Amino acid sequence: MDDAMPATRTEAEAQGIAASHLRIEALSRAFADHRALDRIDLAVRRGELLTLLGPSGCGKTTLLRCVAGFVAQDAGRILLNGRAIDAAPPHRRNFGMVFQNYAVFPHLSVAENVAYGLRARGVAAAERATRVARALGRVQLDHLAHRFPDALSGGQKQRVGIARALVIEPDLLLMDEPLSNLDAKLRIEMRQEIRLMQRELGITTLYVTHDQEEAMSISDRMAVLQGGAIQQIDRPEAIFEEPANAFVADFVGGCNWLEAEVEGACLRLPGGEVLPLDRAVAAQGPVRLGVRAEDLRPAPGAAPGFAVRVLVRSYLGPRTRLKVEHRASGARLDVELPSGPDLPSDGETIRLGVAPGRARLFARENGRRLA
Ligand SMILES: Nc1ncnc2c1ncn2[C@@H]1O[C@H](COP(=O)(O)OP(=O)(O)OP(=O)(O)O)[C@@H](O)[C@H]1O
Ligand SMILES: [Mg+2]
């Protein structure tokens, strides 16, 4: 049996799979001897926005291109509504695609760009005009219908890309880093617009990004990838709160790491400092302690904690971020505290504790979550 598959499925999982619109089963793809995708299993529900999140080179684009039909898999199946689509060429799949680099035709006006897919499908002129107008309205480009792409901003070009993908009423919307060429403020605006549009249309969407904040803000669920394999699939809150392994904890939300030893119901840090454990942990002995910056705080009086020296403070408005050094081990940690007059100064030594319930433990050898 495939060791990546659970031995039994819960009822909820079984229903999820039954209701899935797009299903990917044991999909693998290699380029020369590099495994870009390694037995990917994924079920996307109807109307769901599922994000593929992971670092550069983890296989996000390759997976999306397999679904679109531009890349052939070496093994595994892709099913839409329960039917295998592997043999269908890209233009038969009726999927809308939006790319990072806009990919608009420079010699066509905005309206002609959007009409392109309809023309290719032989949609009559009158209906074409109606549908193009509706799609342009949806992305707020009605007033620019006759402009050419070189007279558009990046955000406007990407709206053309989105309108062009939506106008064909695709079965599936595939988006590959659609916002990464836009500036930070526009990115946040556009991701909310995409989310709203996607919900209104109820269109099943596979969305690729390497930006964990973008993924968390836009997704129903997200699949975190590393090295061509899915590390965890769940709702953003569940991934952030209960990361399955050290990679996910670090990639989604960021984590501070300290080597530690479990001793009974306590955790011993390198300098001999001891923290109580408030979650049961079966393992004893060496572990990695993972704590998010916002879960570290000054330890008052005799409360359990460990000594750190403040290296530098960065004021971020409502929060201030400190870079500190653990005195005993030299490990550098990030601490995020509410801004205010009582913050420690650069060079000061303070004691830090971990907020209740916020210490996560991971196996040293393979990063698996222990508690
Ligand atoms: N056509 C190709 N030929 C050879 N190697 C390829 C090809 N396409 C992708 N790869 C390799 O497969 C791996 C996955 O690439 P992919 O483009 O899917 O990553 P990605 O997660 O989309 O990364 P990024 O965030 O940088 O876009 C990389 O190591 C890449 O170099
Ligand atoms: Mg990519």
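Below: a short report on this structure. Source: prediction; values computed, not measured.

Conventions and cut-offs
- Residues numbered from 1 in each chain as written.
- Chains lettered and ligands numbered in written order.
- Predicted model: local features only at pLDDT ≥ 70, side-chain atom pairs only at ≥ 80, totals over all residues.
- Heavy atoms only, no water.
- Salt bridge = Lys/Arg side-chain N within 4 Å of Asp/Glu carboxyl O.
- Buried < 20%, exposed > 50% of the residue type's maximum accessible area, 1.4 Å probe, protein only.
- Helix = DSSP H or I, 4+ residues; strand = E, 2+ residues; numbered from the N terminus.
- Expected span 1.5 Å × (residues − 1).
- Arc of directions from axis to C-beta.
- Contact = heavy atoms within 4.5 Å.
- Near = heavy atom within 4 Å.
- Polar contact = N/O pair within 3.5 Å; in protein donor to acceptor, adjacent residues only side chain to side chain.
- Areas by Shrake-Rupley, 256 points an atom, 1.4 Å probe, with all protein chains shown as cover.
- Nonpolar A, V, L, I, M, F, W, Y, C, P; charged D, E, K, R; others polar.
- Pairing = 2+ DSSP bridges.
- Phe/Tyr/Trp six-rings, centres within 6.5 Å; stacked < 30°, edge-to-face > 60°.
- Lys NZ or Arg CZ within 6 Å of the ring centre and 35° of its normal.

What follows deals with the pattern of salt bridges. Under the defined criterion, the tally for this structure stands at 26 salt bridges. Measuring nitrogen to oxygen at the nearest pair gives 2.3 Å for the salt bridge that ties R23 to E25. Classification of R23 by relative accessible area gives partly exposed; the value is 25%. E241 is the partner of R358 in a salt bridge, and the nearest nitrogen-oxygen pair spans 2.9 Å. With R358 in the loop between β19 (349–354) and β20 (360–363) and E241 in helix α8 (residues 236–241), this residue pair connects regions lying 117 residues apart in the sequence. Put simply, R319, R321, K323, D334 and E336 are held in one network by salt bridges that share partners.

Here we take up helix α6 (residues 184–201). Taking 1.5 Å of rise per residue, the 18 residues of α6 would be expected to cover 26 Å, and the 26 Å separating its terminal C-alpha atoms lies within 8% of that figure. Residues M190, R191, I194, R195, M197 and Q198 constitute the buried set of α6. Along the axis of α6, the buried positions cluster into a sector of 170 degrees, meaning they face one direction only. Of the exposed residues in α6, those oriented more than 90 degrees away from the buried face are K185, Q192, L196, R199 and E200. Contact partners of the buried residues in α6: β3 (49–53), α4 (125–138), α5 (154–166), β7 (172–176), β8 (205–209) and α7 (212–218). With its phi angle positive at about 60 degrees, G202 sits one or two positions after the end of α6.

Inspection of the region around ligand 1 gives F31, H34, A36, P55, S56, G57, C58, G59, K60, T61, T62 and E177 as its neighbouring residues. In the environment of ligand 1, an oxygen atom lies 3.2 Å from a nitrogen or oxygen atom belonging to the backbone of C58. Measuring from an oxygen atom of ligand 1, one finds a side-chain N or O atom of T61 at 2.8 Å. Here ligand 1, which alone exposes 630 Å², has 57% of that area covered by the protein. Breaking the shell around ligand 1 down by element, the ones donating at least two residues are β2 (34–45) and α2 (60–68). In terms of residue count, the dominant contributor to the shell around ligand 1 is α2 (three residues). When the residues that make up the shell around ligand 1 are grouped by side-chain class, the tally is four nonpolar, six polar and two charged.

Let's shift gears to the pairing of β2. In the case of a regular strand, side chains alternate between the two sheet surfaces. Of the pairings in the sheet, the one linking strand β1 (residues 20–31) to β2 comprises eight bridges and is antiparallel in character. Across the sheet, S20 pairs through a bridge with R45, a residue of β2. Hairpin connection, β1 to β2: the antiparallel pair is bridged by two residues, and A32 has positive phi, about 50 degrees.

Another aspect to go through is the packing of aromatic side chains. According to the stated counting rule, one finds three aromatic pairs in the structure shown. Ring centres 4.7 Å apart and planes at 50 degrees place the aromatic pair F105 and Y116 in the tilted group. Of this pair, F105 sits in the loop between β6 (95–98) and α3 (110–120) while Y116 is found in helix α3, placing the two residues eleven residues apart along the sequence. Judged by relative accessible area, F105 falls into the partly exposed class, the value being 27%. You can call Y116 partly exposed: its relative accessible area is 43%. Seen in terms of ring centroids, W257 and F362 are 5.2 Å apart; in terms of plane orientation they differ by 70 degrees. Their pairing is edge-to-face. Taken as a pair, W257 in strand β11 (residues 256–263) and F362 in strand β20 lie far apart in primary sequence, 105 residues in all. Per residue, the accessibility class of W257 equals that of F362, and both read buried. The cationic tip of R164 hangs over the ring face of F105; the distance from NZ or CZ to the ring centre is 5.3 Å. Sitting above the plane of the W257 ring, R288 keeps its charged end 4.4 Å from the centroid.

Read these as layout, nothing more, since geometry by itself doesn't imply function.
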